[in-house]
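# Descriptive structure summary
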Amino acid sequence: MITLLPLFAGLLMLILTQVLPNTQAEGMARISRNISMGIALAVAVITTLLFIGHWGSIDWTNITQGGYVLQNDAIDLIPSIGVTWKVGADALSFPMIWLTTVLIPISMLVEWNAKRGHLFHPLLLVMEGALLGVFVVLDLFVFYVFWELTLIPMFLLILMWGGEDRRYAAMKFFIYTFAASVIMLVGILVMYFHTDPIAGLGSLTGHHFDLVAMTAQNNLIPSEGLRHLVWLMLLIGFATKMPSVPVHTWLPDAHVQAPTAGSMLLAGVMLKMGAYGFLRVAVTIFPESTIEFIPLLLVLGMASLVYGAWVCMGQTNLKRMVAYSSVSHMGLIFLGIATMQPLGIAGALFMMFAHGIISPLLFAVAGAFKHHYHTLEIGSMRGIAHHSPWLAAHMMLGWMASLGLPLLAGFVAEVAIMIAFWMTFGWLVLLPALTLIITAVYYLSSMQRTIFESNDPEKGILPDTMHDEEPRDITWHENAGMLVLAAMTVLFGIMPFIFWDMMSDWSSGFTVETLIDAMHSQEWMP
Amino acid sequence: MSSILTDIDLDTMLLLLPEILMLLGIVTMILIPNLGDATMRIPLTRTRVPILIGGTRSEYNNDPRLPNLIACGVLGLALLASIVFLGEEGDVGNALHVNEFSRLFTLLFTSALLLAALATSTRMPARPKATPPLDSDSDEIVDSKVAALIDNRRQVDFHILLLTTGLGMSLMAMATNLFMLFVCLELASLSSYVLVAFHKESDVGGEAGMKYFMVGSVVSAIGIYGMSLLYLWNGSLDMADLASAWSAMEGNDSLAIVGVGLMMVAFGFKVGAAPFHLAVPDAYSGASSPIAGLLATASKAMGFVALIRLLLIVTMPPSGQAIWMLSIALIAVLTMTWGNLAALTSDNPKRILAYSSVAHAGYMLAAMAAIGSGLADPSTSSMIVTAVVFHLLVLVLFKFGAFLVLSMLEAEGKGHRIEDLHGLVRREPVIGVAMFVFMLSLAGVPPLSGFLSKLLMINGIVSVSAGTGAVTSTTVVDWAGGVDPLFWLAVAIVVNSALSLFYYLRIGLVMFFESPESDSGLSKAPSLRLAIFACAFLTLLFGIGPMSEWLLDVVTSAVDTMMGL
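Residues numbered from 1 in each chain as written. Chains lettered and ligands numbered in written order. Predicted model: local features only at pLDDT ≥ 70, side-chain atom pairs only at ≥ 80, totals over all residues. Heavy atoms only, no water.

### Quick look at the overall build of chain A
Defined as follows: What counts as a helix is a DSSP run of H or I of at least four residues, what counts as a strand is a run of E of at least two, and both are numbered from the N terminus. Exposure classes here rest on a 1.4 Å probe applied to the protein chains alone. A residue is buried below 20% of its type maximum, exposed above 50%, and partly exposed in between. Any two residues whose heavy atoms approach within 4.5 Å at even a single point are treated as in contact. Reported accessibility uses the Shrake-Rupley method at a 1.4 Å probe radius. Residues are deemed covered only where the shown protein chains occlude them.
Counting secondary structure elements, chain A contains 21 helices and two strands. Buried residues in chain A amount to 66% of all 526 residues. Here the analysis covers contacts within chain A between residues at least 6 apart in sequence; of these, 81% occur between residues at least 24 apart. Put simply, chain A shows about 17700 Å² of open surface, and 66% of that area lies on carbon and sulfur atoms.

### Looking at the interface of chain B and chain A
To keep things clear, this is the line we draw: Computed with a 1.4 Å rolling probe, the buried area is the accessible surface lost when two parts are put together, summed over both parts. Ten residues, namely Ala, Val, Leu, Ile, Met, Phe, Trp, Tyr, Cys and Pro, are considered nonpolar, four, namely Asp, Glu, Lys and Arg, are considered charged, and the remaining ones, Gly among them, are considered polar.
At the interface, 39 residues of chain B touch 34 residues of chain A. Contact with chain A buries surface across chain B, with Leu455(B), Asn459(B) and Phe513(B) losing the most and accounting together for 19% of the total. Secondary-structure elements contributing two or more residues to the side of chain B that touches chain A are helix H16 (378–410), helix H18 (429–443), helix H19 (449–465), helix H20 (476–482), helix H21 (487–513) and helix H23 (546–563) of chain B. Ranked by residue count, the leading element in the side of chain B that touches chain A is H19(B), at seven residues. Counted by class, the side of chain B that touches chain A contains 26 nonpolar, ten polar and three charged residues.

### Let's talk about the packing of aromatic side chains
Our working definition: To pair, rings of Phe, Tyr and Trp, with the six-membered ring standing in for Trp, must have centres within 6.5 Å; the planes then decide the type, stacked if under 30 degrees apart, edge-to-face if over 60, and tilted in the middle. Lysine and arginine charges are scored as sitting over a ring when NZ or CZ, respectively, is within 6 Å of the ring centre and within 35 degrees of the ring normal.
All told, the structure shown has 43 aromatic pairs over all chains when counted by the stated rule. Each ring, one from Tyr193(B) and one from Tyr212(B), has its centre 5.3 Å from the other, and the planes form 85°; the classification is edge-to-face. Linking Tyr193(B) in helix H8 (residues 178–197) with Tyr212(B) in helix H9 (residues 205–234), this pair joins segments that are 19 residues apart in sequence. On the basis of relative accessible area, Tyr193(B) is assigned to the buried category, the value being 4%. Each member of the aromatic cluster is reached from another via a ring pair, and the members are Trp98(A), Phe350(A), Phe353(A), Phe492(A), Phe499(A) and Trp500(A). A cation sits over an aromatic face here: Lys241(A) above Trp147(A), 5.1 Å from the ring centre.

### So, the confidence of the model for chain A
All names here are of chain A. How we decide: Confidence of the predictor at the level of single residues is captured by pLDDT, which takes values from 0 to 100.
Looking at chain A as a whole, its pLDDT mean stands at 82, while 87% of the residues score no less than 70. The secondary-structure element of chain A with the lowest mean pLDDT is helix H1 (residues 4–19), recorded at 62, while helix H11 (residues 260–285) shows the highest, at 91. Under a pLDDT of 50 for its full length, residues 61–66 has, in the predicted model, 18 contacts with residues more than four places off or in other chains.

### Considering a positive patch on the surface
Basically, it comes down to this: A residue counts toward a patch only above 30% relative accessible area and without a salt bridge, and it is joined to like-charged neighbours within 9 Å or, for Val, Leu, Ile, Met, Phe, Trp and Tyr, to nonpolar neighbours within 5 Å. Salt bridge, as used here, is a side-chain nitrogen of Lys or Arg placed within 4 Å of a carboxyl oxygen of Asp or Glu. Only four residue types enter the tally: Lys and Arg on the positive side, Asp and Glu on the negative side; His and the chain ends are excluded. In this description, the location of a charge corresponds to atom NZ of lysine, CZ of arginine, CG of aspartate or CD of glutamate.
Among the surface-exposed residues, Lys115(A), Arg116(A), Arg166(A), Arg167(A) and Arg426(B) lie close enough to one another that they form a single positively charged patch. Among the secondary structure elements, Lys115(A) is positioned in the loop between helix H3 (94–110) and helix H4 (117–136). Judged by relative accessible area, which is 71%, Lys115(A) ranks as exposed.

### Structural notes on the packing of H16(B) against helix H22 (residues 526–541) of chain B
Residues and elements named next belong to chain B. Rules: In this description, a line fitted to the C-alpha atoms serves as the axis of each element, helices being fitted only across the stretch in contact, and the angle between N-to-C directions of two axes falls anywhere from 0 to 180 degrees. Roughly parallel here means an angle under 35 degrees, roughly antiparallel means over 145, roughly perpendicular means 65 to 115, and every remaining angle is called oblique. Crossings are assigned a handedness: left-handed for a near helix turned anticlockwise from the far helix by less than a right angle, right-handed for a clockwise turn.
Here H16 crosses H22 at 150°, and the two axes come no closer than 9 Å. The orientation of H16 with respect to H22, classified from their angle, is roughly antiparallel. Considering the relative orientation of H16 and H22, their crossing is left-handed. Contacts between H16 and H22 involve Leu397, Phe398, Gly401, Leu404, Val405, Ser407 and Met408 from the first element and Leu528, Arg529, Ala531, Ile532, Cys535, Leu538 and Thr539 from the second. Considered class by class, the residues forming the contact of H16 with H22 number ten nonpolar, three polar and one charged.

Written out as structure tokens, the structure is:
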């Protein structure tokens, strides 16, 4: 029910502000902003308490036996076609849930003074509800509904608060992800038509959407060819969201045009929906197909990683660069899954989490840069450190974390994936490893150019877009949001075990229970 | 027929309550606006007595809003009556049988008519070129416009026709005799021909009405000819007699088969199935939007009731493949593909909706073909009919809702070009979002009710056919080669739905992305706004949650009653 609280509260506020006359609606901004923030914070506190109260005392390794915690009894939605409201969390979804609830208040804080605040903050709240829905529901129908529902607030965020080219970006974002998820829906329907009836569900159709029961059902789709086809359909839906090369092109456009909070959520959580769904649905239900298609995963992951990194180097636009680095990191997630090792899968999970902290930090920095210097061009200014020391510090930390500096969150994930990759594929590991190093070189050089180097140490070079404006440092609320993210980056870099333990437990359990049998049946050995 | 008259008692009256209400409504509608101060001299005396009919009418019964109020009230009461007495069952004479199934359709027809009446409340001028007053007009202009509107005879005509349409449709749903069925069908059809032509404000209104009338009457003639052949073959048009004669038929009697085929043409025209749909786009785009909505929902539902009776009651063989199965399957694929392709190339939102209505007829026909395949057991057949009826019911919400939005645009003389929808969300956020919901539901996006009904139809086809696939095959091609050809109907629905996304989303997206041609809001029309809002809300409520489950239960039990399960 916690899921629905932000959703309904946000919707209610949106409707209220629509119903009120315009003059009052503007006055609502302050109130609705405070209420939204309050609700978001409350939800964040609740999930944190759940986490502190639960970890260690719960065995996170059971998945196929329905070992979801926080699980309420299912509520019938449309029992005659087998749709229920069934929620639960396990080690796969919980870090994502926690991340969502934490990121929402931070992104609200960063854009505390957004224009049309009476719509902006409630919209973020709706977004939170939809995202939480995706991560907690265990019914594919409801999952799909939430999956599509996340589109709408993000689409509106880009369309109403975006940059100059926002219509094009919003349209592209909508069409890409919508088309992909329609293909995914067809895949889900084929799965639906193969489910066996279970008691009390599907009295009319004889089938159900229950994800847990689908997972438990032996050999859900008997025909191998059809199973592969469904797996590919699901892959298209999830890979477009992640996004993986070659369906990634919506991402840079969406990121560049989106408002800061939109970018932060897009990179921080929405991309992870793809990886989460892929693991939760495609890999869990069809492990045999996953093993069959390991080469495809490798190619996609490798292409995303290498292509993303190389394109990243060619970018002069800060947001575009961060966007391509996201593509590159998402490639690593595919590689981690393709290893079929507990370590690799845990690394992929941790990558989802770490990237979910680091990329919002980078986008917050980019947003603040745009806000104060009115440009996103990397070469256009030098010596930020002099004018905006806080901004420079956050930028530096973010980039360091992104390129995988030890003791920062990204490092743990990259190392885990690399080791697992080496264990499975041997010297092939050189390709991703070298790519990471090349990226590091570029990051470092642009960091040096932007933050430090200047001919005149007193002034640096200011971009033309500043005109004669005096450069300032970031505002307190931007700084507060970034500080929290930066602190988390360091915290999870030094103490990754906070989430790593549950992730690696889950991965071992998952490998033992789901993947091993499939490996035997496919005669595939790492 | 005489037995209807002799049988009338309180129980029968109760059974036919919605129809009686509509009949009373027609009488009221004729009487009240004609009440005047005319007097008559009693012969051979000088005494004059008022006779009420004729003369100068008073201000109240001359009010242009009066007929609409009467119609809304009557239809609302009839709707209420059909909900309250949903479970009533009984015979009226030997030609009508009231049960849950027919009452469900009365509910459908009356709610569609009620929406049409609500949408017409503010926009039916007395003279074709008169316009209703706007909120922004000065007092003088308002007065002159009201003067143009003041004669309410045109409204009376319009609303009487609405009620006769409803009466015809509602009686038709309970007919147990093909002759009765056809007479009621014609009552509704003839009224709807006039309603289509009623939109004289539009240049194409008269042409559309004429086209629709010509094609419709030719098709009716074909249907009646088919019926006469059936009569020649069996000597009775009672559906139960026909059904038993059909199942006792040795081999294929050409007289009966040609008769049924000709009747299928007539009903196929009513549902808008290709290739009998050619008048549909013209009729829809020429008629005023509420009437187009009526044709797309109630009139289509009427056609489907007739088809269900003819195909599933009369000519369904006890086992094996029904003789009409192949032709219905082919017509279904042709209909949905043609409808979608034509909609893709169209720029007139009303034509797009008209073609989408054709496509939806194709989906429903495909589901019915699955019943005729002879592979479906009774419970599966019942499920498929449930899907079709459910689809017809929720279609009233989102198809009519979309036409209501267009009707709002039409009030300012627009709605015939896709450009008129540009930036609608910016002009009118609530209306725009509602239209977006309608489009998504038409496209079949979960969790809206359009998805639920489509899922049920596909499920019906798949559960009839997919079990025949080669289970152990390794490639998709092998597997697909093994399934019953019927399975490809499900694939056709899925492919066509994907195709239809393009034009539904096109309408949806221009409302968000394009700049509006004018920034002003639309006319106030509170009742219309309420109707649109209710439609959008119910589209969602009937898509997920307890309401949808309730409706599914009601439809299932109604269909079970009809199929005799």
